[in-house]
Amino acid sequence: MEVRVASAQNALEHLGLGMQGLMQGKRGLIMGVANDHSIAWGIARTLASQGATLAFTYQGEALGKRVRPLAESLGADLLMTCDVEDIASVDKVFTTIGEKWGGLDFLVHAVAFSDKNELKGRYADTSRANFVRTMLISCFSFTEAAKRAAALMTNGGAMVTLTYNGGTRAMPNYNAMGLAKAALEASVRYLAVDFGGHAIRVNAISAGPIRTLAGAGISDARFMFAYQQRHSPLHRGVTLDELGGAALYLLSDLSTGVTGEIHFVDSGYNAIAMPQPEALRVSATGNGNGNGNINNEESAKDAAQ
Ligand code: NAD
């Protein structure tokens, strides 16, 4: 696991950010690590490589078995179970942090859920039960955690949640999750206003598609992911280290003037209106190669990488 921390450090140095200790003396809670593919894990290891002290939550004992060794590899000894549908477990997390640390400097919220059976087909067919559950877990849990975290941020602080472009544009199969992300992004702006007077900043990272447990729940995800990666201005997907670097910026003193922001880390995909004409030509004829080849077989190959 030390190798992972080193690799995050190397990545920062590679990016020309050979700085050490940007998070030295800062203590933060990471919510949403399921395994070593989780975006929350990419963020956690980057923050740890810059000196942060971390606490983790995990959802249930099955995931706890995976999260524990990861947390320990970063020297974290504060590891708590938390299901955001159970508000008592959320309360317990922040009470424990208050007792053990007496304060908090940052919060990472990387929690989302929607019924897999409704991450396909039409949004119009969303059930009431899944809509409410998706909104609670993927949106309102951030507000509930942020309120409790802010009460511990007596010297100011910073929070980051994770969103996706499907919150601002209609994305196939994303359905109720798209509405939850839209509301989550709005809550970032409202919470930024609520807490700004206490020098607490609230921002979101809008991540490009990345292969995780949650990402795999979306029907035909691999084709959609490959399409976005191929047609983004950078012609590629994003890495956990790149998401970690963006979180480091938003949670450290590098970004003290930034709040209420939705920061895209998606190889620029959100900036384009449509693929380049060459790719459209190839798509229409079914022929081509290089960046223009977007037939499904190629896309699937990309997505599997
Ligand atoms: P992931 O599966 O690794 O993480 C999702 C986490 O949500 C898991 O740790 C899971 O335990 C947690 N969770 C779900 N329901 C919960 C509950 N009731 N209580 C507590 N925790 C619960 O997947 P990920 O892709 O790393 O997802 C992290 C965040 O990033 C999510 O908000 C997701 O929407 C967002 N995101 C992901 C992508 C992508 O392509 N993977 C793109 C943009 C944004």
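Residues numbered from 1 in each chain as written. Predicted model: local features only at pLDDT ≥ 70, side-chain atom pairs only at ≥ 80, totals over all residues. Heavy atoms only, no water.

When helices and strands are counted, the chain shows 11 helices and seven strands. Evaluated residue by residue, the chain yields a buried proportion of 52% over its 305 residues. Within the chain, contacts between residues separated by at least 24 positions form 75% of all contacts whose residues are at least 6 apart in sequence. Put simply, the chain shows about 14,200 Å² of open surface, and 53% of that area lies on carbon and sulfur atoms. (Helix = DSSP H or I, 4+ residues; strand = E, 2+ residues; numbered from the N terminus. Buried < 20%, exposed > 50% of the residue type's maximum accessible area, 1.4 Å probe, protein only. Contact = heavy atoms within 4.5 Å. Areas by Shrake-Rupley, 256 points an atom, 1.4 Å probe, with all protein chains shown as cover.)

Moving on: the site of the ligand. Taken together, 27 residues lie near the ligand, and Ser 38, Gln 59, Lys 181, Ile 210 and Thr 212 sit nearest. The separation between a nitrogen atom of the ligand and a polar main-chain atom of Val 84 is 2.9 Å. At 2.8 Å, a backbone N or O of Ile 210 approaches an oxygen atom of the ligand. Alone, the ligand offers 810 Å² of accessible surface; in the complex the protein occludes 93% of this. (Near = heavy atom within 4 Å. Polar contact = N/O pair within 3.5 Å; in protein donor to acceptor, adjacent residues only side chain to side chain.)

Strand order in this open sheet of seven strands is β3-β2-β1-β4-β5-β6-β7, and the pairing throughout is parallel. Only two strands of the sheet have a single neighbouring strand rather than two, namely β3 (78-81) and β7 (262-265). Each strand axis lies, on average, 20° off the axis of its neighbour in the sheet, ignoring direction. Summarising the sheet, strand β6 (residues 200-207) and β7 pair through four bridges and their orientation is parallel. (Pairing = 2+ DSSP bridges. Axes fitted to C-alpha atoms, helices over the stretch in contact; angles between N-to-C directions.)

Side chains that are three or four residues apart share a direction in an α-helix, a result of its 3.6 residues per turn. The element helix α2 (residues 39-49) is largely enclosed, with a buried count of 11 among its 11 residues. Within α2, burial applies to Ile 39, Ala 40, Trp 41, Gly 42, Ile 43, Ala 44, Arg 45, Thr 46, Leu 47, Ala 48 and Ser 49.

Okay, the side chain of Ser 206 next. Among the secondary structure elements, Ser 206 is positioned in strand β6. Exposure remark for Ser 206: the relative accessible area of 1% places this residue in the buried category. Those residues in contact with Ser 206 that sit more than four places away from it in its chain are Thr 163, Tyr 164, Asn 165, Ile 262, His 263, Phe 264, Val 265 and Asp 266.

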